[in-house]
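Structural features, examined
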Protein chains: 2
Amino acid sequence: MNEVNNSGSCIAAYRIFGDKTTDFSKKAESIAVGLTVGSWTDLPQARKQAMEKHLGRVVQIEVFEGEGPERYADVSIAYPDINFSRDLPALLVTVFGKLSMDGRIKLMDLHFSESFMSAFPGPKFGIEGVRSLLGVPERPLLMSIFKSVIGHDLPELKEQFKQQALGGVDLIKDDEILFENPLTPIDKRVPACMEAAKEAEQQTGQKLLYAVNLTGPTFQLKEQAKKAIELGANALLFNVLAYGFDALHALASDPDISVPIAAHPALAGALYPSPYYGIAPSVLLGKLMRLAGADLVLFPSPYGSVVMPKEQNLAIRDVLRSTKLNQEYASGELQPDWTLKPSFPVPSAGIHPGLTPWIVRDFGRDVVVNAGGGIHGHPGGAAAGGRAFRQAIDAALQGRSLQDFAADGHLELQAAIDIWGAKQ
Amino acid sequence: MNEVNNSGSCIAAYRIFGDKTTDFSKKAESIAVGLTVGSWTDLPQARKQAMEKHLGRVVQIEVFEGEGPERYADVSIAYPDINFSRDLPALLVTVFGKLSMDGRIKLMDLHFSESFMSAFPGPKFGIEGVRSLLGVPERPLLMSIFKSVIGHDLPELKEQFKQQALGGVDLIKDDEILFENPLTPIDKRVPACMEAAKEAEQQTGQKLLYAVNLTGPTFQLKEQAKKAIELGANALLFNVLAYGFDALHALASDPDISVPIAAHPALAGALYPSPYYGIAPSVLLGKLMRLAGADLVLFPSPYGSVVMPKEQNLAIRDVLRSTKLNQEYASGELQPDWTLKPSFPVPSAGIHPGLTPWIVRDFGRDVVVNAGGGIHGHPGGAAAGGRAFRQAIDAALQGRSLQDFAADGHLELQAAIDIWGAKQ
Ligand SMILES: [Mg+2]
Ligand SMILES: [Mg+2]
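Residues numbered from 1 in each chain as written. Chains lettered and ligands numbered in written order. Predicted model: local features only at pLDDT ≥ 70, side-chain atom pairs only at ≥ 80, totals over all residues. Heavy atoms only, no water.

In the annotation of an unreviewed UniProt entry, the entry for chain A reads 2,3-diketo-5-methylthiopentyl-1-phosphate enolase, and the organism field reads Marinicrinis lubricantis. The annotation that UniProt attaches to chain A under Sequence similarities (unreviewed entry) is "Belongs to the RuBisCO large chain family." (UniProt positions renumbered as here; feature names shortened; annotations may be inferred.)

With that settled, consider the coordination of the magnesium ion (ligand 1). Listed as protein donors to the magnesium ion (ligand 1) are A:Asp175 (OD) and A:Glu176 (OE); their distances from the metal cover 2.3 to 2.5 Å. A:Asp175 gets classed as buried once you look at its relative accessible area, which sits at 14%. (Donors = N, O, S within 2.8 Å, 3.2 Å for Na, K, Ca; no water. Buried < 20%, exposed > 50% of the residue type's maximum accessible area, 1.4 Å probe, protein only.)

With respect to the helices and strands, A:Asp170 occurs in the loop between helix 6 (154–166) and strand 6 (171–173). A distance of 2.8 Å separates polar atoms of two side chains, one belonging to A:Asp170 and the other to A:Arg139. (Helix = DSSP H or I, 4+ residues; strand = E, 2+ residues; numbered from the N terminus. Polar contact = N/O pair within 3.5 Å; in protein donor to acceptor, adjacent residues only side chain to side chain.)

The protein atoms that coordinate the magnesium ion (ligand 2) are B:Asp175 (OD) and B:Glu176 (OE), at distances of 2.3 to 2.5 Å. Each member of the pair, B:Asp175 as well as B:Glu176, is classed as buried.

All names here are of chain B. Look at helix 7 (residues 186–204) against helix 8 (residues 221–230): their axes get within 9 Å of each other, and the N-to-C directions meet at 35°. The two elements helix 7 and helix 8 cross, and the hand of that crossing is right-handed. Packed against helix 7, whose contacting residues are Ile186, Asp187 and Val190, the element helix 8 presents Gln224, Lys227 and Ala228 at the interface. Here the contact of helix 7 with helix 8 is composed, by residue class, of three nonpolar, one polar and two charged. (Axes fitted to C-alpha atoms, helices over the stretch in contact; angles between N-to-C directions. Left-handed = near helix turned anticlockwise from the far one by under 90°. Contact = heavy atoms within 4.5 Å. Nonpolar A, V, L, I, M, F, W, Y, C, P; charged D, E, K, R; others polar.)

All right, on to the packing of helix 14 (residues 356–363) of chain B against helix 16 (residues 382–397) of chain B then. Residue and element names in this part refer to chain B. Across the interface, helix 14 lies against helix 16 with an axial gap of 9 Å and an inter-helix angle of 50°. By the angle class used here, helix 14 and helix 16 are oblique. For the pair helix 14 and helix 16, the crossing hand works out as right-handed. For the pair helix 14 and helix 16, the contacting residues are Thr356, Pro357 and Val360 in the first and Phe389, Ala392, Ile393, Ala396 and Leu397 in the second. When the residues that make up the contact of helix 14 with helix 16 are grouped by side-chain class, the tally is seven nonpolar, one polar and no charged. (Parallel < 35°, antiparallel > 145°, perpendicular 65-115°, else oblique.)

Further remarks concern the side chain of A:Asp254. Its location among the elements puts A:Asp254 in the loop between helix 10 (245–252) and strand 9 (261–264). Owing to a relative accessible area of 7%, A:Asp254 belongs among the buried residues under this scheme.

On to the sheet that holds strand 7 (residues 209–214) of chain A. All names here are of chain A. On the basis of which strands lie adjacent, the open sheet formed by eight strands has the order 12-11-9-8-7-6-5-13 and parallel pairing. Edge positions in the open sheet fall to strand 12 (344–348) and strand 13 (368–371), since each of these has one partner strand only. Geometrically, the sheet is characterised by an average inter-axis angle of 25° between neighbouring strands, direction not taken into account. One ladder, built from five bridges, connects strand 11 (residues 296–300) with strand 12; its direction is parallel. In the strand pairing of strand 12, Val297 is matched with Pro345. Sitting on the sheet, helix 16 (residues 382–397) touches strand 5 (141–145) and strand 13, and the angle it makes with strand 5 is about 155°. (Pairing = 2+ DSSP bridges.)

Least-squares fitting of chain B to chain A yields an RMSD of 0.0 Å, with the superposition described by an axial translation of 0.0 Å and a rotation of 180°. These values place the two chain copies in the arrangement generated by a two-fold rotation axis. An overlap of 100% is found between the interface residues of chain B and their copies at the interface of chain A, pointing to a shared contact surface. (Least-squares fit on C-alpha atoms with pLDDT ≥ 70 in both.)

This part is about the interface of chain B and chain A. Counting from both sides, the interface comprises 61 residues of chain B and, opposite them, 61 residues of chain A. Together, the buried faces of chain B and chain A total about 5,100 Å²; carbon and sulfur atoms form 66% of this surface. Here chain B is connected to chain A by two salt bridges. We note a salt bridge from B:Glu156 to A:Arg47, for which the minimum N-O separation is 3.2 Å. Across the chain B-chain A interface, the total number found is 12 residue pairs in polar contact (both at pLDDT 80 or more). Considering only residue class, the side of chain B that touches chain A consists of 33 nonpolar, 19 polar and nine charged. (Buried area = accessible area lost by both parts, 1.4 Å probe. Salt bridge = Lys/Arg side-chain N within 4 Å of Asp/Glu carboxyl O.)

Residues and elements named next belong to chain B. Spatially, the five strands line up as an open sheet ordered 2-3-1-4-10, and their pairing is mixed. The open sheet is flanked by strand 2 (57–65) and strand 10 (277–279), the only strands paired with a single partner. When strand polarity is set aside, the average angle formed by the axes of neighbouring strands in this sheet is 15°. Direction of pairing for strand 4 (residues 105–111) relative to strand 10: parallel, over a ladder of three bridges. If you follow Leu107 over to strand 10, its bridge partner there is Ile279.

To continue, consider the domain arrangement of chain A. Residues and elements named next belong to chain A. The domain architecture assigned to chain A consists of domain 1 (9–117) and domain 2 (126–420). With centres defined by C-alpha atoms, the gap from domain 1 to domain 2 works out at 35 Å. Summed over both sides, the interface of domain 1 with domain 2 buries roughly 2,100 Å², with 64% coming from carbon and sulfur. For the domain 1 face of the interface with domain 2, the top three residues by lost area are Lys106, Glu114 and Met117, together amounting to 32%. Linking domain 1 with domain 2 are one salt bridge, by the criterion used here. (Domains from an automatic or database assignment.)

Right, let's get into the packing of aromatic side chains. Applying the stated rule across the entire model yields 29 aromatic pairs over all chains. Between A:Phe64 and A:Tyr72 the ring centres are 4.6 Å apart and the planes differ by 20°, which places this aromatic pair in the stacked class. Here A:Phe64 falls in the partly exposed class, since its relative accessible area comes to 26%. By relative accessible area, which is 22% here, A:Tyr72 ends up partly exposed. Here B:Tyr276 and B:Tyr277 contribute two aromatic rings whose centre-to-centre distance is 6.4 Å and whose plane-to-plane angle is 70°, an arrangement assigned as edge-to-face. A relative accessible area of 26% places B:Tyr276 in the partly exposed class. Through successive ring pairs, a cluster of aromatic residues spans A:Phe17, A:Phe64, A:Tyr72, A:Tyr276 and A:Tyr277. A cation over an aromatic ring shows up here: A:Lys287 above the ring of A:Tyr329, its NZ or CZ 5.4 Å from the ring centre. Sitting over the face of the ring of B:Tyr276, B:Arg104 holds its NZ or CZ atom 4.6 Å from the ring centroid. (Phe/Tyr/Trp six-rings, centres within 6.5 Å; stacked < 30°, edge-to-face > 60°. Lys NZ or Arg CZ within 6 Å of the ring centre and 35° of its normal.)

What follows is about the nonpolar core. Ranked by size, the top nonpolar core spans 234 residues in total, and within it A:Tyr14 and B:Tyr14 carry the most contacts. Ignoring any residue separated from it by four or fewer positions in sequence, one finds B:Tyr14 in contact with B:Ala73, B:Asp74, B:Val75, B:Ile77, B:Tyr79, B:Val95, B:Phe96, B:Leu99, B:Ile105, B:Lys106, B:Leu107 and B:Met108. (Core = buried A, V, L, I, M, F, W, Y, C linked by side-chain atoms within 4.5 Å.)

On to unusual backbone geometry. Residues and elements named next belong to chain A. The phi dihedral of Ala349 is positive, around 90°, even though this residue is not glycine. Position of Ala349 among the secondary structure elements: in the loop between strand 12 and helix 14 (356–363). Exposure remark for Ala349: the relative accessible area of 21% places this residue in the partly exposed category.

Let us look at empty space enclosed by the protein. Going through the model one piece at a time under the given rule, you end up with three cavities of 30 Å³ or more. The computed volume of the largest cavity comes to approximately 430 Å³. Lining the largest cavity we find 29 residues, and of these A:Leu241, A:Ala242, A:Leu271, B:Leu241 and B:Leu271 sit closest to its centre. When residues of the lining of the largest cavity are assigned to their parent elements, the largest contribution, four residues, is made by helix 9 (residues 240–243) of chain B. Split by residue class, the lining of the largest cavity holds 25 nonpolar, two polar and two charged. Reported here for the second largest cavity is a volume of approximately 50 Å³. When residues of the lining of the second largest cavity are traced back to their parent elements, those giving at least two are strand 10 (277–279) of chain A together with strand 10 of chain B. The residue inventory of the lining of the second largest cavity, partitioned by class, reads nine nonpolar, four polar and no charged. (1 Å grid on protein atoms, 1.4 Å probe; cavity = no way out; pocket = protein on both sides within 12 Å on 5 of 7 lines; lining within 4 Å. Points joined across faces, edges and corners; volume = space filled by probe spheres on them.)

So this is what it looks like as structure tokens:
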């Protein structure tokens, strides 16, 4: 970030709001000292020498003068690693525990020391690994979400699964609000759906990952994950923010949990949208998810029903996939061979085939196109819905317009465009 | 909440923001359906009968028309218990998972079914239990926080502990940013501090709880807690929001974790302050903390350095201590003998003795007065700082002014007033 050697520190960037009277430099200094050694200027010289390695440092400060009375500053502070253990609860409590309650302040970015990062193997599969499980080396993947699940029994769920699978989707995910329940408990749901996957594969010739929702008590998550895998689950869905990033990290770094993990953003909207408070989406749904080991990360798309400003979306994309770890992740210099597998971005909510060219334009090939209503709502059913999406992906990759491609005998795509249109 | 029988549902209250065109009733209906059965009006009649027990219901809706273009509505929705497992991640993901990302919406309140609540024994000690451990049946308790801890070695920490203890404090808590570290790891820190507590008790004749910071990997928290207790720790401090409410619940309901737990609000400021997003403080730091089993809950006071509006503070106080569980907690009728121990409110940050009468006025006797700088910054040292607070508490209980009481030979209180004043 700057010339000083920050390699032994993690760096947090904040946006701090104030008014005409705010002394942002003083504020930054008080954070750097207050969240590390507690007090500094009053310390005797000998004591300062002993404490210096613990002292937080203001790395950068940029003040923005507004038109009105409001001003803000972007402030970066380096926190020496020596002060906290190498886990995300410790880092987050250090850099934004008490500080989060100190007026209008938002955590905008994090950079990590190599030593801190070395505790995080990151995604076990990453983009390459997921592609290799599916045998799909290049094209954007297609994920579909069960439509209604609550109150449905096992045969209904299995049939729903099979219809989705027949459409050529690469991944099917549970609804994040499907918990252990008498109708479709995990020990019946997983075998039934994996059987449907096999049946569909015989017709489509295509592999499929089923991300089973991992739920229940925190201290039973590992056992529950292993049970799901023993039952045949070949992926997991996890509501990370309901359990904390450390739980994801522990699941992802457990060698016995040998399947990709898709991170669901449930509850994230309580944390990222305010300009004044909370945690920026690129940190919350980007860096922290990847560091903690999510192979795929869902987040609201800028196209559909649940909206997130596009620049925030692209910032998530960038950090999930970045190979420039020195710039994007590290506070100092990384070893040349340092690596962290990239995570698949999964922009979600309100996606229909007509939006696919936009997703491919904004996200490229390394993206998962994720749809629920846009698959199940197809007039030909879910299988036709999946095919419409696959056709839309093909069109986008060939640089052809959806209308043009549909007219070429791609009837499912045509039917989708007739209902939902094709975003221009 | 209303005449309909909601006993089989949990109820979430939201504030939803919109403009002149917003149809809040339609919005409320779409939430009630969308977060439960998925679709409703299109279902065949027979299907509706089968699905009705899963269907969310709009319980209440009140629209507020503003002066400007902004309008908002307070909306309550009942979610049938049958849809989710009896754990807080499931409840929170159901009622505010995807919905948190759906524009400007804030989770304002929660009411729970008896069946849901029955999975939560709540605080193991509560206010009575903590008082009984300390042998202090009536007066407000006094807690002190280590001053600087990072970079200090064991003898320094022990001496700091002892000085605090000698001042007559009832509880001493670790700083929430003190993690496992080579200088003062938990297996050295706990024995050293508990020895200091014993030495002080010989002089003061007073018992003391030491809340040790419970940190590190999620899946080792129970072992770490038990280790701390075996080493002599008689209370725990826990950064709940870094790990999720379910982790607190699991710790609090483990019979082997036989000490009070103090919940720290670290990271809470990322969630509660915005009027438009997040979770109201009375839910985040009130109901959920008590339900999950916190015996003491820290939160920003309205008096000191880290401010929270007073009505929000008092709302936290009310739900932490309420005995009106039917009104405050339940969605339906509770069994007459239903109970949930109350939690101690601990308004914190920037507290000095001159604020004590205000705390006692606003919180009564069942409060913990919590100070760091207001104890360590006393010109006579931390022991004198503690005594000044104890004198301030005595004055408040006797309804005497601090100045008057100080003039009666209470020199430590006089010295505190001389520095920090006495809030009028
Ligand atoms: Mg969903
Ligand atoms: Mg503190």
